[in-house]
Every structure is written in C-alpha cells, then in structure tokens.
Amino acid sequence: MLKVQQGGWILVFLLLLTIYAAYVFFERYLALRREKVGGERLMREIDAAVRRGQLEVALESARAQGGTLSRFLVAGLSRVPFGVSAVDAALKAALLEEETRLSRGLGVLSVTAQVAPLLGLLGTVSGMIKAFNVLASQGQTTAKLLAGGIGEALFTTAAGLIVAIPALVAYHYLAGRVDEILSELEQRREELLGILAEVRYGEQVS
C-alpha cells in the first residue's frame, strides 16, 4: 500500500499536483462539453438573412446560438458594413481569442505529465543516496537492508508515473476537443466569407 512517508516531501508535492491537475481537467471537461458545435442550421439562417440584406437578423441568430460559435460569428458579422476584408480580420482575431480561451488550463496538464516522472526520479535518487548512506554508517551490507532502502526509493518513481500517465491522457483528450471546435470555427469562417463575397461584394476570399 502506498504510504506518504515513503516518498517524503516529493510525494506530498505530487499529491498536491494531482489534486490541482484533476480540478483543471474536470473544469475544462465540463466547460468544453457545454460548447455548442454543429452550426449547420445557424449558418443556413445567417445565409438567408444576409441574402435578404437583414444583417441585424443574422446577428440576432448568431447571438441566440450562445457559446464559442456565437461569439465568433458575431465578431465577424458586426464588421460586415466595413467589407469582407474587415470581416476576415475580425474572424481571425476572434479565432485566436477563442483558441486562447478554450486552451486555458491545458498547460497545467501538460506540465504535470512532464514534471511528475522527473519528480519521481528525483525522489528515487534522493532515496538511494539515503539508503547507501545508512549502509555506510552501519558498516555492513545485507541484502534485506539494501532491498528495503531501494524499494522505498523506487516508490516515488512509481508515484510519478501514476500521476503522469492520467495527466497525459487527459491533456490529449482535451486538446483533441479544442482542435475539433477550432476546426469548426475555421470552417464557419470560410462559409461566412464565401457568403459575403458572393452576395454583397463579389470579392475573392483568400
């Protein structure tokens, strides 16, 4: 059974890091789960409104959607009177803002996955040093005494891996979800710019 006293202050730090990483994961998981994606119906409404010249109706439809997609489209639609280039610039800026917002906290999971094994290794090295110091001070070496000291030293390595592996899995899961949302935003950007270029300005969109 894992005992805190076997790992010393390093294990205490790993436990605190685990608690914080778990909090970040569940907070981000719930936040990303609430994000509304699949805006095909919304884009049809915006397309129809823009073709009728009803920009306010398009804006209201976008605001009613809520979430990341709503903020993204509103940022672009609000710049329609200034031309397609202005809309494109606003959408690109909004995309960066949403990427920053959606990715908030993922760095904690990434750092945890990288640092935890190193902390475990540090604990192992420290424990090994202590074990051999004890052996040297007693002036004798027995297999039982050496095995006990090494076992306690390796405990922190195991603890570090136990923390790092779930953190790595959690990071990639959430990062994948963020990528899905950002990919949809990029798709909606192309759709909106295409609509505006065709209906209002006839400009080519890069």
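It should be noted that the structure appears before, not after, this text.
No experiment lies behind these values; they were computed from the predicted model shown. (Residues numbered from 1 in each chain as written. Predicted model: local features only at pLDDT ≥ 70, side-chain atom pairs only at ≥ 80, totals over all residues. Heavy atoms only, no water.)

Caption draft 1: Structural context of the overall build of the protein chain. What the protein chain contains, in helices and strands, is seven helices and zero strands. Listed N to C, the secondary structure of the protein chain is α-α-α-α-α-α-α in terms of helices and strands. Out of the 206 residues in the protein chain, the part that is buried amounts to 39%. For the protein chain, the proportion of contacts with a sequence separation of at least 24, taken over those separated by at least 6, is 77%. Surface summary for the protein chain: the accessible area is close to 11700 Å², and the carbon and sulfur share equals 62%. (Helix = DSSP H or I, 4+ residues; strand = E, 2+ residues; numbered from the N terminus. Buried < 20%, exposed > 50% of the residue type's maximum accessible area, 1.4 Å probe, protein only. Contact = heavy atoms within 4.5 Å. Areas by Shrake-Rupley, 256 points an atom, 1.4 Å probe, with all protein chains shown as cover.)

Caption draft 2: Looking closely at helix 2 (residues 40-51). An ideal rise of 1.5 Å per residue puts 16 Å on 12 residues; helix 2 measures up with 17 Å between its terminal C-alpha atoms. Buried within helix 2 we find Leu42, Met43, Ile46, Ala49 and Val50. Looking straight down helix 2, one finds that the buried residues subtend no more than 125 degrees of arc, so they occupy a single side. Exposed positions of helix 2 whose direction lies more than 90 degrees from the buried face are Arg41 and Arg44. (Expected span 1.5 Å × (residues − 1). Arc of directions from axis to C-beta.)

Caption draft 3: Here's a closer look at the side chain of Ser61. Take Ser61: it is sitting in helix 3 (residues 55-65). Relative accessible area serves as the criterion here: at 17%, Ser61 is assigned to the buried category. If sequence neighbours within four positions are ignored, Ser61 has contacts with Leu42 and Glu45.

Caption draft 4: Inspection of the nonpolar core at higher detail. Counting 37 residues, the largest nonpolar core has Ile46, Leu73, Leu77 and Leu192 as its most contacted members. Elements supplying a minimum of two residues to this core: helix 1 (4-33), helix 2, helix 3, helix 4 (67-77), helix 5 (84-102), helix 6 (106-138) and helix 7 (143-201). With 11 residues, the top contributor of residues to this core is helix 7. Apart from residues lying up to four places away in sequence, Ile46 is in contact with Ala58, Ala62, Leu73, Leu77 and Leu192. One finds Leu11, Leu14, Leu119 and Phe155 within the second-largest nonpolar core, a separate group that totals nine residues. (Core = buried A, V, L, I, M, F, W, Y, C linked by side-chain atoms within 4.5 Å.)

Caption draft 5: Spotlight on helix 4. Of all 11 residues that make up helix 4, eight are buried, and the element is covered over most of its length. Here helix 4 has its buried residues at Thr68, Leu69, Ser70, Phe72, Leu73, Val74, Gly76 and Leu77.

Caption draft 6: Up close: the environment of Leu196. Along the chain, Leu196 turns up in helix 7. Note on Leu196: relative accessible area 0%, which makes it buried. Along the backbone, Leu196 and Val50 are 146 residues apart, and their C-alpha atoms lie at a distance of 7.7 Å.

Caption draft 7: Here's a closer look at the pattern of salt bridges. Enumeration over the complete set of coordinates arrives at 16 salt bridges. For Glu98, the salt bridge identified is with Arg71, shortest N-O distance 3.0 Å. In this pair, Glu98 is assigned in helix 5 and Arg71 in helix 4, connecting sequence segments 27 residues apart. Taking relative accessible area as the criterion, Arg71 reaches 38% and is therefore assigned partly exposed. (Salt bridge = Lys/Arg side-chain N within 4 Å of Asp/Glu carboxyl O.)

Interpretation note: all reported values are geometric properties and have no functional meaning in isolation.
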